[in-house]
Structure formats: C-alpha cells, structure tokens
Amino acid sequence: MTAAAKTELITVRDFIRYAVSRFNAAQLFFGHGSDNAWDEAVYLTLHALHLPLDRLEPFLDARLLPEERTRLLDLYTHRCQDRLPAAYLTHEAWLGEDRFYVDERVIVPRSFIAELLDEQLTPWVADPWAVENALDLCTGSGCLAIKLALNFPNARVDAVDLSKDALAVAERNIADYHLGERVHPVHSDAFTALAGRRYDLIISNPPYVDAESVDALPPEYLHEPEMALGSGDDGLDFTRIILAEAKKHLSEDGILVVEIGHNRDALEAAYPDLPFTWLDTAAGDEYVFMLNAADLPD
C-alpha cells in the first residue's frame, strides 16, 4: 500500500480498479466463491463498505472517507500478501441465497450438492416432506446440513464430522438459522458413532483430492484444513468407506448422494458393477453421483 493510493484513489470505482490490478499482478488464485479478479474485487469492496452485494452500480462513483480507504487498502493487501481466500477475510460464504459463517477451521463451502438440494433432489425424491431422517457426512461448516433442513421441512438431520473445530463452526451456523431442534452436530469418524441409525437420505461432500493434485494446490487452498481436502493416492479413500458402510445406514428406499470432484473415471473403474447415476449440476454431470440403497454393497 502506497501513500499515493490513499490520496489518489477516491471513489468505489477507483478502488475496484486498483484491486483488480493488484490481484492480477499478485497472480492470485480464485476458486472460493469467485473465479476472477473483478468479481472478487467487487465482493470484497462492497462487503468492507457494508453495501448490498447485489447493488454495485449506484455506488460506483461514491467518494470514500479516509477510514474507508484505509480499510479497503488493508483488505486488498491482506488478500495479496497472505493469499487467504476471500471467505476467510470476510468470515462468510454463500451457497445460492444462503449465507454461512466460515473461518479457517472449515473448508470454504463450494459444493455442487447445494444446488441439487435447492431443487429438493427432483426427480429423485418424489415427496420432500416424506424425508424424515437425513445425514450430512463430512459436514464442515454445516452448510449442506442446513440446506437439507431448509429444503426437506420434515427432516431431522445429523451433521457429522471428525473435526471438533468444524463442528463448533457448524453449531454457530445452525444457531444462526434457528435449526437447533432439527439439525444435530455429531462427532464421528465416518459412520462409527452412528450405530443403529438409518436415514432416508445421506449426502456427503467428502475429501476427494488425489495426492498429485494436493501437491499442486495453489497457496489459497493450503489455508484450508488438510483433512478436508486429500483422500489418498487416487482421492477415493473416504468414498470407499462411504460405499462400504452406507447401506447399513439407509432405509430400504433411501438414497445416497456423494460429490466426487474430478474422479468419475477413477471411481467407475474401481466399482464397475455399481450403477452410478450422475446428477446434472451447473458444472455438468461428472461431479455428483447417486445410488439407491438396494444397489449398494451389503
């Protein structure tokens, strides 16, 4: 941050332009809510100024107070020098229209399953009101567990994670949504603490990054909990546990929905006899699979 920046940058438009230039010069990686320097600069600027995130145009030529300029320049510097994802700087992440508190105890939410839940898993779930028990395995911040509760109004949801730190964040988000009577954080290593429990719907966005990709992650990802990213050499270690154990925890007509990243080919090669249904998301049909309870191994 230079003295010139503090005096020569005057309007919101000036600061956004400056931020884009700095972000591009620093070769930042974008993948935690935005995918380019402009969108990230707009988001951070509007958030820091306490302005509506969906109303940029009316404020572009607004002049900023000295303390606002300092706040923005400090934020841009933090993003560039520390390579922290924007969500950790603002302590918020969005999935669709839903906002969640996040910090470095949890992975930044970015699951394709979120959009499927907002569609109530149509047509795979015929009656959303008939889902009475649901499980979000590897819940992290609790965002998908909360979306389960919001979109399946009759469901009692278990939000499971091995990390007690993550569950503390999930508890905060559950309280923010006033869902404490329906969404229950559970400390468990996969299914180990769920003996005897069965669910109409199990979802999971588990660790799925293969070892080669973990070694090549940009600095932004290295701020996230390591246990939430990597899953063995081929990225499938945790998914193997899910496929081996899920049937014991599903109702007779229950379904399993799992996000798998870029591992579709590896998964189908490892399980050639499983009839995976690949669900359509905004990014395509390669990232989230569904299986019926009857199709899972005993």
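All figures in this text were calculated on a predicted structure; none of them were measured in a lab.

Cut-offs and rules
Residues numbered from 1 in each chain as written. Predicted model: local features only at pLDDT ≥ 70, side-chain atom pairs only at ≥ 80, totals over all residues. Heavy atoms only, no water. Core = buried A, V, L, I, M, F, W, Y, C linked by side-chain atoms within 4.5 Å. Buried < 20%, exposed > 50% of the residue type's maximum accessible area, 1.4 Å probe, protein only. Helix = DSSP H or I, 4+ residues; strand = E, 2+ residues; numbered from the N terminus. Contact = heavy atoms within 4.5 Å. Pairing = 2+ DSSP bridges. Axes fitted to C-alpha atoms, helices over the stretch in contact; angles between N-to-C directions. UniProt positions renumbered as here; feature names shortened; annotations may be inferred. Salt bridge = Lys/Arg side-chain N within 4 Å of Asp/Glu carboxyl O. Phe/Tyr/Trp six-rings, centres within 6.5 Å; stacked < 30°, edge-to-face > 60°.

## Let's talk about the nonpolar core
Ranked by size, the top nonpolar core spans 39 residues in total, and within it Phe 15, Ile 16, Phe 23, Leu 56, Leu 72, Leu 73 and Tyr 76 carry the most contacts. When residues of this core are traced back to their parent elements, those giving at least two are helix 2 (12-25), helix 3 (37-48), helix 4 (66-82), helix 5 (86-90) and helix 8 (164-176). Among all residues touching Phe 23, those that are not within four sequence positions of it are Leu 28, Phe 30, Ala 37, Glu 40, Ala 41, Leu 44, Tyr 76, Arg 79 and Cys 80. Membership of the second largest hydrophobic core comes to 31 residues, among which are Ala 114, Phe 152, Val 157 and Tyr 287.

## Considerations on the sheet that holds strand 3 (residues 133-137)
The strand order across the open sheet formed by seven strands is 5-4-3-6-7-9-8, and the pairing between neighbours is mixed. In this open sheet, the two strands that pair with only one neighbour each are strand 5 (183-187) and strand 8 (277-278). Two elements, strand 3 and strand 4 (residues 156-161), share five bridges in a ladder whose sense is parallel. Counterpart to Leu 137 in the pairing with strand 4 is Val 160. Across the sheet, helix 8 is in contact with strand 4 and strand 5; its angle to strand 5 comes to roughly 175°.

## Observations concerning the UniProt feature "domain: Methyltransferase small" (unreviewed entry) in the chain
Following the UniProt record, the feature "domain: Methyltransferase small" (unreviewed entry) maps to residues 131-213 here. Along residues 131-213 one finds 30% helix and 27% strand; the C-alpha atoms at either end are 36 Å apart.

## Digging into the environment of Leu 217
Mapped onto the elements, Leu 217 comes out in the loop between helix 9 (211-215) and helix 10 (237-245). Not counting residues up to four positions away in its chain, the partners in contact with Leu 217 are Leu 222 and Leu 229.

## Some words on the pattern of salt bridges
For the structure on display, the rule yields 17 salt bridges. Between Arg 79 and Glu 40 there is a salt bridge whose closest N-O contact spans 2.6 Å. Highlighted residues: Arg 79 in helix 4 and Glu 40 in helix 3, separated in sequence by 39 residues. You'll find Arg 79 and Glu 40 in the same group, each marked buried.

## Some points on the packing of aromatic side chains
Within this structure, the stated rule accounts for eight aromatic pairs. For the pair Phe 29 and Tyr 221, a centre-to-centre distance of 5.4 Å together with 55° between the ring planes defines the contact as tilted. With a gap of 192 residues between them, Phe 29 in the loop between helix 2 and helix 3 and Tyr 221 in the loop between helix 9 and helix 10 connect regions that are remote in the sequence. Classification of Tyr 221 as buried rests on a relative accessible area of 13%. Taken together, the ring pairs connect Tyr 18, Phe 23 and Tyr 76 into an aromatic cluster.

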